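The primary structure of each chain is shown beneath.
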Amino acid sequence: MSASVPLRLALTALENSGAAASHVARELLAHALVPEPRPLGLATGSTMVPVYSALVEAARRLPDEQRQHLRRHWLSYNLDEYLGLGRTHPGSFAAFMHSRLTEPLGLDPASVRLPDGLAPDPLAEAARYAAEIGASGGIGLQLLGLGVNGHVGFNEPPCAATSRCRPVRLSAATRRHNAGAFAADPAAVPERAITLGLAEILAADRILLVVSGAAKADVLGRLLRQQPSPELPASWLQGHPAVAVIADRAALGGVAGAA
Ligand code: GLP
């Protein structure tokens, strides 16, 4: 980093998204292989595709005994889910997790948890989901991607650091960005979702924020320079004692001296 840019978050710069994914996969695996791991907090989105591929690959290379440990002790909670989509809808985050992680890793589907997008009472479902995470001991290691508008989970700006698990309305920018899983039609992207809030995210023991690709360069630059503010929900991470930002060169393009 150049001396003129204050850096409040620990930053690991890697050559490309593949190297970033391998780094993150190693961290996730190390966490999952401790004797009694606390639950993992997981994310979806294009950034996580190479992360889960690298995790599946790394798990394949483990000795049988460790792979069994991984399967027996796995418990993860995803950040968010679209409202109105069931687990088998191809655009749902449940379907993303099933095809990218649960199935290839041979996990029990019941150990990979997400909010229920079809819950008749989304407010009650958000409260139930947060309470379940609390009852499981809280998140040990939280994986996060970064939205182009600075969201984490589906905490769209403006968003307070005290926000809790709740139903939210998605911004037009987010629905455009996520249209890929909906035949490139932003109008087909659900308008609402359930997301963990910043309060639950910040309660994790450790947080890994993964940022890759040139499209994230502007928002990453803002995140690394700005004071915490509701306009950039990810900036609340600056108040957490154990956050690692793992970014590739393309995402660091706008950050002088970082790459
Ligand atoms: C999505 C998800 C976030 C994700 C982010 C970045 O909308 N709700 O959890 O981290 O936006 O997505 P991508 O990796 O596709 O850029």
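Thresholds, definitions, all that
Residues numbered from 1 in each chain as written. Predicted model: local features only at pLDDT ≥ 70, side-chain atom pairs only at ≥ 80, totals over all residues. Heavy atoms only, no water. pLDDT = per-residue confidence, 0-100. Contact = heavy atoms within 4.5 Å. Phe/Tyr/Trp six-rings, centres within 6.5 Å; stacked < 30°, edge-to-face > 60°. Helix = DSSP H or I, 4+ residues; strand = E, 2+ residues; numbered from the N terminus. Buried < 20%, exposed > 50% of the residue type's maximum accessible area, 1.4 Å probe, protein only. Lys NZ or Arg CZ within 6 Å of the ring centre and 35° of its normal. Pairing = 2+ DSSP bridges. Axes fitted to C-alpha atoms, helices over the stretch in contact; angles between N-to-C directions. Core = buried A, V, L, I, M, F, W, Y, C linked by side-chain atoms within 4.5 Å. Near = heavy atom within 4 Å. Polar contact = N/O pair within 3.5 Å; in protein donor to acceptor, adjacent residues only side chain to side chain. Areas by Shrake-Rupley, 256 points an atom, 1.4 Å probe, with all protein chains shown as cover. Nonpolar A, V, L, I, M, F, W, Y, C, P; charged D, E, K, R; others polar. Parallel < 35°, antiparallel > 145°, perpendicular 65-115°, else oblique. Salt bridge = Lys/Arg side-chain N within 4 Å of Asp/Glu carboxyl O.

Participant: Explain the confidence of the model for the protein to me, please; I cannot follow it from the model alone.
Facilitator: As a general rule, the predicted coordinates of low-pLDDT regions are not to be interpreted in detail. Of all residues in the protein, 95% have pLDDT values of 70 or greater, and the mean over the chain is 95. Note that pLDDT drops below 50 for residues 1–5; the model gives that stretch nine contacts with residues more than four away or on any other chain.

Participant: What is the right way to read the packing of aromatic side chains from this model?
Facilitator: Centre distance and the angle of the planes are the two values used to describe a pair of aromatic rings. If you walk through the whole model with that rule in mind, you get six aromatic pairs. Measuring from ring centre to ring centre gives 4.7 Å for Y82 and F93, while their planes differ by 40 degrees; the resulting arrangement is tilted. Highlighted residues: Y82 in strand 4 (residues 80–82) and F93 in helix 4 (residues 93–105), separated in sequence by eleven residues. Comparing Y82 with F93 shows no difference in burial state: the two are buried. Between Y82 and F154, the ring centres sit 5.5 Å apart and the planes meet at 45 degrees, which makes this aromatic pair tilted. With Y82 in strand 4 and F154 in the loop between strand 6 (141–144) and strand 7 (166–169), this pair connects stretches of sequence that are 72 residues apart. Note on Y82: relative accessible area 1%, which makes it buried. The cationic tip of R100 hangs over the ring face of F96; the distance from NZ or CZ to the ring centre is 5.5 Å.

Participant: So what exactly am I meant to see when it comes to the sheet that holds strand 8 (residues 192–195) here?
Facilitator: Backbone hydrogen bonds hold the strands of a sheet together, and the pairing may be parallel or antiparallel. With antiparallel pairing, the three strands of this open sheet are ordered in space as 4-8-7. At either end of the open sheet lies a strand with only one pairing partner, and these are strand 4 and strand 7. Pairs of neighbouring strands in the sheet enclose a mean axial angle of 30 degrees, with direction left out of account. The sheet contact formed by strand 4 and strand 8 spans three bridges and is antiparallel. Pairing of Y82 across the sheet is with A193, part of strand 8.

Participant: I'm lost on the nonpolar core in this one. Help?
Facilitator: In globular proteins that are soluble, nonpolar side chains generally tend to be buried together. Counting 77 residues, the largest nonpolar core has Y52, W74 and L143 as the members making the most contacts within it. The element contributing the most residues to this core is helix 2 (residues 48–60), with eight residues. Those residues within four positions of L143 in sequence are excluded, and the remaining contacts are V24, L28, G41, L42, A43, M48, V51, Y52, L79, L208 and V210.

Participant: How should I be thinking about the site of the ligand in this particular structure?
Facilitator: Around the ligand sit 14 residues in total, of which S46, T47, D80, N178 and K216 are the nearest. Between the ligand and K216 there is a distance of 2.7 Å, counted from an oxygen atom to a side-chain nitrogen or oxygen. Here the ligand loses 97% of its free accessible area of 390 Å² to cover by the protein chains. Residue composition of the shell around the ligand, by class: three nonpolar, nine polar and two charged.

Participant: Just checking my understanding: could you explain the packing of helix 2 against helix 4 for this structure?
Facilitator: Angle between the axes and distance between the axes are the two parameters that describe a pair of packed helices. Between helix 2 and helix 4, whose axes approach to 9 Å, the crossing angle comes to 10 degrees. The angle between helix 2 and helix 4 places the two elements in the roughly parallel class. Contacts from M48, V49, Y52, L55, V56, A59 and R60 in helix 2 reach F96, M97, R100, L101, P104 and L105 in helix 4. Here the contact of helix 2 with helix 4 is built from residues that sort into eleven nonpolar, no polar and two charged.

Participant: Any chance you could explain the pattern of salt bridges here in plain terms?
Facilitator: Opposite charge on two side chains lets them pair, provided their charged atoms get close. All told, the structure shown has ten salt bridges when counted by the stated rule. Notably, a salt bridge pairs R169 with E191, separated by 3.4 Å at the nearest N-O pair. Linking R169 in strand 7 with E191 in the loop between helix 6 (172–177) and strand 8, this pair joins segments that are 22 residues apart in sequence. Taking the relative accessible area as the measure of exposure, E191 reaches 46% and is therefore partly exposed. Overlapping salt bridges, with partners in common, bring together R113, E125, R128 and E132 in one network.

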